[in-house]
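As a plain string of letters, each chain reads:
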Amino acid sequence: MNDQTTSPSGRSDFIREIVAADLREGRHEAVVTRFPPEPNGYLHIGHAKSICLNFGIAREFDGRCHLRFDDTNPVKEEQEYIDAIEADVRWLGFDWGEHLYFASDYFEQLYDWACHLVKNGKAYVDDLSADEIREHRGTLTEPGRESPWRDRPAEESLDLLERMRAGEFPDGSRVLRARIDMSSGNINLRDPVLYRILHSAHPRTGDAWCIYPTYDFAHGQSDAIEGITHSICTLEFQDHRPLYDWLIENLPVPSRPRQYEFARLNLTHTVLSKRTLMRLVNDGHVRGWDDPRMPTLTGLRRRGFPAEGIRDFANAVGVAKNEGVVEVGVLEHAVRDVLNRQALRRFAVLNPLKVVIENYPEGQVEEMEAVNNPEDPSAGTRPVPFTRELWIERDDFMEEPPRKFFRLAPGREVRLRYAYFITCREVVKDGEGEIVELKCTYDPETRGGDAPDGRRVKATLHWLSTAHALNAEVRLYDHLFREPYPGSDGRDAFEDLNPESETVLHDCFIEPALAELPTGEAVQFERLGYFCPDPDSAPDAPVFNRTLTLRDTWAKLQAQGKQDKA
RNA sequence: UGGCGAGUGGCCUAAUGGUAAGGCACCUGACUCUGGAUCAGGGGAUUGAAGGUUCGAGUCCUUCCUCGCCAGCCA
């Protein structure tokens, strides 16, 4: 018995309240939910919301959640997707234990139930073509017309259904339809198709079948077979609920599941429709389903988004029936929040500018002790080599600094993190006036980063010894779409693609400690953001993906054009 | 002119007839060897509209408006 109404985070929602009430009032001994993907594509962040809801409820109320593939349409489904989906759900942090199911496991039972409906006059074989059925269906405002085959004898329908199964008829020649109400305002009740002929091999049942149940006929009955108590789906299925209930009530099913609908996730600056995602991949706008810019779970994982961050995000957006659009910032905040706690800090210089410390002994190397994670003392420290010639970030120097620019400038003193204070003495330029080098001096008294005389600096920069830094490629990512609502106001979503969603930087430098970081392990490049090694990395050619930038108030000031304001 | 659903600060979500709460975002200040993090504070809502019931309405009733979904042998 469990009468809690809230999730561990203290939040609840209308579905959890229904579950809690059903348990409290004894309608069910335990809650059983299910996540029912069709294996025809990759899972994305929107599915994550559903996964977190279904598995989350099972976990919180001490019930169970099944992973069930809704594999009723062999022409679109593939084993590859089944494998990828299982991996993604596991990665997200959920476990279905023994409860892995396939709608195709129930084909025989479903067929028996189809016969049951026919025998009871609740279903019939229709010889109309797809076009004719459409014509008979009517429109949103006009009722449909009954098929001429609607009242044929049950025995005849039964015989035809058997012969459909036996493969006697070609695709599309006949269907099995429920006999409900051709004049219903709900089009799903206008004698919906239950079975269609598809001479197509199925990833799991092979060529055992040439007729396949539709979603409507398979889903609720699969729920009933598995003892699902709460069948949770998205809003677009609300219209199907009367049909869901009609089938359950007219069939000798072993349990009585109920369907509940919630609003699917929408996110700004991205798109979550399978069709658009597919086009992004097929038209080469991204490099694949796992491109770090994709909102797919495999893409987010490659990008370096931790599963915990995605779960936190799902929890933060809540579950309701109001279809809204969540700002990506909420997702990014959730991800930064876990990365800030967990990611090891490292130095990297993406856009290098050489600094020579003129008064530092040539050939000398000092090991500076750097903290691995200020949020987690147990992460310890590491040595970072310091020498006379260093790389710093080009953005950390300005020859003519505006008022609010605190970093290095001619004559200015700043701190090199964990090392010394340095002062810029001279700016060296090439023939074109490009700054190629900074000549600086350091104060030996400031070793470790503090001045004995108590003087302060306004900025602390990250740096790397030119002699020790490793070379790396770094891929910078930004929103795939520059518009918050891609394709709004009549535009094609693809017009809103962000041309700068990926910027590849070569000849970046990373600190030696980064040499052997496992793929996908997130680190923070101090002052820059969170990054993780990409699978494209080679032993001597590391590639890093930028997961997210750090919050950057300087960048914000620049964007607002306020950097000169007093 | 059909059916179903939804409208609460910029965004998301709560308040289950008792006097609008939280997260994100934004702004200020403190602190800081990351312009990060953290901490403290702040602005911002005539709850889609108009009526009605009630001592009292975001919540109940009526009418209206707006938005979303549905006419696959997809899910």
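Residues numbered from 1 in each chain as written. Chains lettered and ligands numbered in written order. Predicted model: local features only at pLDDT ≥ 70, side-chain atom pairs only at ≥ 80, totals over all residues. Heavy atoms only, no water.

Counting buried residues in strand 12 (residues 352-357) gives five out of six residues, a clear majority hidden from the surface. Pairing analysis gives five bridges linking strand 12 to strand 15 (residues 389-393), with the strands arranged antiparallel. From the neighbouring strand, Pro352 faces strand 15, where its bridge partner is Glu393. Bridge count for strand 12 against strand 18 (residues 435-443) is four bridges, and the pairing is parallel. Along strand 18, the bridge assignment pairs Val356 with Lys439. (Buried < 20%, exposed > 50% of the residue type's maximum accessible area, 1.4 Å probe, protein only. Helix = DSSP H or I, 4+ residues; strand = E, 2+ residues; numbered from the N terminus. Pairing = 2+ DSSP bridges.)

Axes are the key here: two packed helices are described by the angle between their axes and the distance separating the axes. It is at 11 Å that the axes of helix 1 (residues 14-24) and helix 2 (residues 45-60) come closest, and there the two elements cross at 35°. For the pair helix 1 and helix 2, the sense of crossing is right-handed. Of the residues in helix 2, those in contact with Ile15, Arg16 and Val19 of helix 1 are Leu53, Gly56, Ile57 and Glu60. A class-by-class count of the residues in the contact of helix 1 with helix 2 yields four nonpolar, one polar and two charged. (Axes fitted to C-alpha atoms, helices over the stretch in contact; angles between N-to-C directions. Left-handed = near helix turned anticlockwise from the far one by under 90°. Contact = heavy atoms within 4.5 Å. Nonpolar A, V, L, I, M, F, W, Y, C, P; charged D, E, K, R; others polar.)

Right, let's talk about the packing of aromatic side chains for a bit. Within this structure, the stated rule accounts for 21 aromatic pairs. With centroids separated by 5.2 Å and ring planes inclined at 25°, the aromatic side chains of Tyr42 and Trp289 adopt a geometry described as stacked. With Tyr42 in the loop between strand 1 (32-35) and helix 2 and Trp289 in the loop between helix 9 (274-282) and helix 10 (297-303), this residue pair connects regions lying 247 residues apart in the sequence. Its relative accessible area of 13% is what places Tyr42 among the buried residues. In textbook terms, an aromatic cluster arises when at least three aromatic residues are bridged by ring pairs, as seen for Phe347, Tyr360, Phe386, Tyr418, Tyr420, Tyr442 and Trp463. Note that Arg279 overlies the ring of Phe494, its terminal NZ or CZ placed 3.7 Å from the centroid. (Phe/Tyr/Trp six-rings, centres within 6.5 Å; stacked < 30°, edge-to-face > 60°. Lys NZ or Arg CZ within 6 Å of the ring centre and 35° of its normal.)

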